[in-house]
Amino acid sequence: MDNRQAIGSWLSGPRAAAEEAGADFGYRGEQLGLPEEGPGSIARPGRRLGALAVDWGLCLLIAYGLITQSYNDAAQVWAPIILFVLMVLTVGTLGFTPGKRLFGLRVVALDTGQVNPLRALLRTVLLFLAIPPLIWDRDGRGLHDRLARTVEVRI
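Everything numeric in this text was worked out from a predicted model, so none of it was measured.

1. Observations regarding the side chain of Asp145
Okay, so step 1: As for its placement among the helices and strands, Asp145 is situated in helix H7 (residues 143–148).
Okay, so step 2: Among the polar contacts made by the side chain of Asp145, one reaches the side chain of Arg123 at a distance of 2.6 Å.
Okay, so step 3: Here the side chain of Asp145 touches Thr150 through a polar contact of 2.8 Å, side chain to side chain.
Okay, so step 4: Ignoring any residue separated from it by four or fewer positions in sequence, one finds Asp145 in contact with Arg48, Arg123, Thr150 and Glu152.

2. Notes on the nonpolar core
Okay, so step 1: Core analysis: the largest hydrophobic core is formed by 10 residues, namely Cys59, Leu60, Ala63, Ala74, Ala79, Ile82, Leu83, Leu86, Met87 and Leu127.
Okay, so step 2: Mapped by element, the contributors of at least two residues to this core are helix H3 (45–67) and helix H4 (71–93).
Okay, so step 3: By residue number, the principal contributor to this core is H4, which donates six residues.
Okay, so step 4: Setting aside its immediate chain neighbours within four residues, Leu127 contacts Met87, Pro133 and His144.
Okay, so step 5: Counting five residues, the second largest nonpolar core, distinct from the first, contains Leu34, Ile42, Val108 and Val151.

3. Brief notes about H3
Okay, so step 1: Taking 1.5 Å of rise per residue, the 23 residues of H3 would be expected to cover 33 Å, and the 32 Å separating its terminal C-alpha atoms lies within 8% of that figure.
Okay, so step 2: When H3 is considered as a whole, its buried residues turn out to be Arg48, Gly50, Ala51, Asp55, Cys59, Leu60 and Ala63.
Okay, so step 3: Packing partners of the buried residues in H3 comprise H4, helix H5 (98–102), strand S1 (105–109), helix H6 (117–128), H7 and strand S2 (150–154).

4. A word on the packing of aromatic side chains
Okay, so step 1: Applying the stated criterion to the full structure yields one aromatic pair.
Okay, so step 2: Ring centres of Phe84 and Phe128 lie 5.4 Å apart, and the angle between their planes is 80°; this geometry places the pair in the edge-to-face category. Of this pair, Phe84 sits in helix H4 while Phe128 sits in helix H6; the two residues are 44 residues apart in sequence, bridging distant segments of the chain.
Okay, so step 3: Relative accessible area serves as the criterion here: at 25%, Phe84 is assigned to the partly exposed category.
Okay, so step 4: For Phe128, a relative accessible area of 35% corresponds to the partly exposed category.
Okay, so step 5: The ring of Phe96 carries Arg101 above its face, with NZ or CZ at 5.3 Å from the centroid.

5. A short note on the environment of Glu30
Okay, so step 1: One can find Glu30 in the loop between helix H2 (14–20) and H3.
Okay, so step 2: What makes Glu30 partly exposed here is its relative accessible area of 41%.
Okay, so step 3: Distance from Glu30 to Ser41, taken between C-alpha atoms, is 9.2 Å for residues 11 residues apart in sequence.
Okay, so step 4: Apart from the residues lying within four places of it in its own chain, the contact partners of Glu30 are Phe25 and Asp139.

Parameters at a glance
Residue indices follow the written sequence of each chain, beginning from 1 at its first position. Only residues with pLDDT of at least 70 are given local features in this predicted model, and only at 80 or more are side-chain atom pairs given and counted; all residues enter the totals for whole chains, interfaces and linings. Only heavy atoms go into the side-chain values, all of them from the structure, while hydrogens and water stay out. Counting from the N terminus, the helices are the DSSP runs of H or I reaching at least four residues and the strands are the DSSP runs of E reaching at least two. As used in this structure description, the phrase polar contact means that two N or O atoms lie within 3.5 Å; if the pair is within protein, one of them must be able to donate a hydrogen and the other to accept it, and residues adjacent in sequence are counted only when both atoms belong to side chains. Should any heavy atoms of two residues lie within 4.5 Å, those residues are counted as being in contact. By convention a nonpolar core is built from buried Ala, Val, Leu, Ile, Met, Phe, Trp, Tyr and Cys residues, the set being connected through side-chain atoms within 4.5 Å. Only protein chains enter the accessibility calculation, which uses a 1.4 Å probe; a residue is then buried when its area is under 20% of its type maximum, exposed when over 50%, and partly exposed in between. By this rule, a helix spans an expected 1.5 Å times one less than how many residues it contains. We call Phe, Tyr and Trp rings a pair once their centres come within 6.5 Å, taking the six-membered ring for Trp, and we label the pair stacked below 30 degrees between planes, edge-to-face above 60, and tilted otherwise. Think of it as a cone above the ring: NZ of Lys or CZ of Arg counts as a charge over the ring if it is within 6 Å of the ring centre and within 35 degrees of the ring normal.

Okay, here's the thing in structure tokens:
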């Protein structure tokens, strides 16, 4: 690698620079035994954020329409509580929230394939801390998924 390549490698990131040097990282989910594309593959961040936005909007509507008559109270107090309960109950029983289902996503446990309510509770608590979802591994799984031993896949 000459100096121009070393200096310019920051534009494409360390992974691309390492791949150009001959390192083989494989695809996302390969270490977990998941397919590269299609059903069962790792969910991409855009779909995951879209699903979360749909779930948040649904919880805002429920809080505003059924509990309060003020958007401010609904957004600050009730919507996060409803979102927490929604995520624990639906992911712990069905494996997906309404937003995840709309975007074709499902949360599965790595060892059993079925997420139990305790694992869903741990995952949701960590998700609400906001730091664990921002720390990703090379498979695109957040720290909340790693600690709960789950993965979000496409249906």
